[in-house]
Amino acid sequence: RIGQYRAGCTKAEQGACKPCTWKPPDTYFIGHGGITGQCPYRGCAKDEEECAIGEYRANCGLDDPTFEGSCQWCDDSVITQDTPQYWTGHGGTSPKGCAVQACQRCEIGKYRVNCSFTSPGTCKNCPYVTTHTRRRGRYFREAVLVIFPDDPPDANPCPLTDCNASDSECEPGNYLAS
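Quick look at the nonpolar core now. Tyr56, Ala58, Cys74, Ile79, Trp87 and Cys98 together form the largest nonpolar core, which totals six residues. Setting aside residues no more than four positions away along its own chain, Ala58 makes contact with Phe67, Gly69, Ser70 and Gln72. Core analysis: the next-biggest nonpolar cluster, separate from the first, contains five residues, Tyr5, Ala7, Phe29 and Cys39 among them.

All right, on to the state of the cysteines then. Summed over all chains, the structure comprises six disulfides. Covalently, Cys20 is tied to Cys39 through a disulfide, its sulfur atoms 1.7 Å apart. Where Cys20 bonds to Cys39 through sulfur, the torsion about that S-S bond is close to 50°, and the disulfide is right-handed. Residue Cys20 is found in the loop between strand E2 (16-19) and strand E3 (27-29), and its partner Cys39 is found in the loop between E3 and strand E4 (41-43); the two are separated by 19 residues along the sequence. Given the relative accessible area of 8%, Cys20 is considered buried. Residue class for Cys39 comes out buried when judged on its relative accessible area of 4%. The partner cysteine of Cys51 in its disulfide is Cys71, sulfur to sulfur 2.2 Å. In this structure, the disulfide formed by Cys51 and Cys71 twists by about -90° around the S-S bond and is classed as left-handed. Placement of the pair is Cys51 in the loop between E4 and strand E5 (55-58) and Cys71 in strand E6 (residues 70-73), with a sequence separation of 20 residues. Between Cys9, a free cysteine, and Cys17, which holds the nearest cysteine sulfur, the sulfur-to-sulfur gap is 9.9 Å. There is no disulfide at Cys17, and the cysteine sulfur nearest it, in Cys20, is 9.8 Å away.

On to the packing of aromatic side chains, then. For the coordinates displayed, the defined rule picks out four aromatic pairs. In this structure an aromatic cluster arises from ring pairing among Trp73, Trp87 and Phe117.

Criteria and cut-off values
Residues numbered from 1 in each chain as written. Predicted model: local features only at pLDDT ≥ 70, side-chain atom pairs only at ≥ 80, totals over all residues. Heavy atoms only, no water. Core = buried A, V, L, I, M, F, W, Y, C linked by side-chain atoms within 4.5 Å. Buried < 20%, exposed > 50% of the residue type's maximum accessible area, 1.4 Å probe, protein only. Contact = heavy atoms within 4.5 Å. Disulfide = S-S within 2.5 Å. Helix = DSSP H or I, 4+ residues; strand = E, 2+ residues; numbered from the N terminus. Phe/Tyr/Trp six-rings, centres within 6.5 Å; stacked < 30°, edge-to-face > 60°.

What follows is the structure in structure tokens.
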């Protein structure tokens with residue numbers, strides 16, 4: 001049987017099957033040990049057994065040394081911190097092992113949606129504001145990190161500033177344009 005060897009086998013005795021006793025951490029047995037007790041093993045979460053992005057291989061070779069483990073979601077407390085992040089890799093055999101990357105800011109005039117779990121999200125255009133009618137009432141936009149699960153709420157997700165109140169001052173005879 002996988003993970004066992006025949007102990008005490010002689011010309012007069014057939015011996016008995018016993019569990020193989022040694023394998024490195026993060027491995028599981030893939031064959032029997034014949035009469036030597038050295039069962040072949042394979043590394044957990046390697047090559048074709050790697051889990052998908054955002055998952056790790058749980059319980060590989062632990063309670064059952066012949067069990068290759070199963071893919072489970074990585075610990076999501078890592079990606080739900082103050083700075084929004086998403087998973088960019090698998091976690092090997094650790095629930096906290098998934099590689100993460102911070103959600104990125106979009107260019108000026110856009111905001112990011114759906115940056116979470118395994119998705120970096122996408123940038124959407126900020127809504128155009130037409131309600132301001134004062135002379136020189138143009139607005140400029142800053143690059144900000146705004147994350148929404150899909151479409152933003154009714155409020156404009158992009159910070160807008162009255163050009164007259166901004167730090168951008170124009171020379172006489174010029175005006176700010178977007």
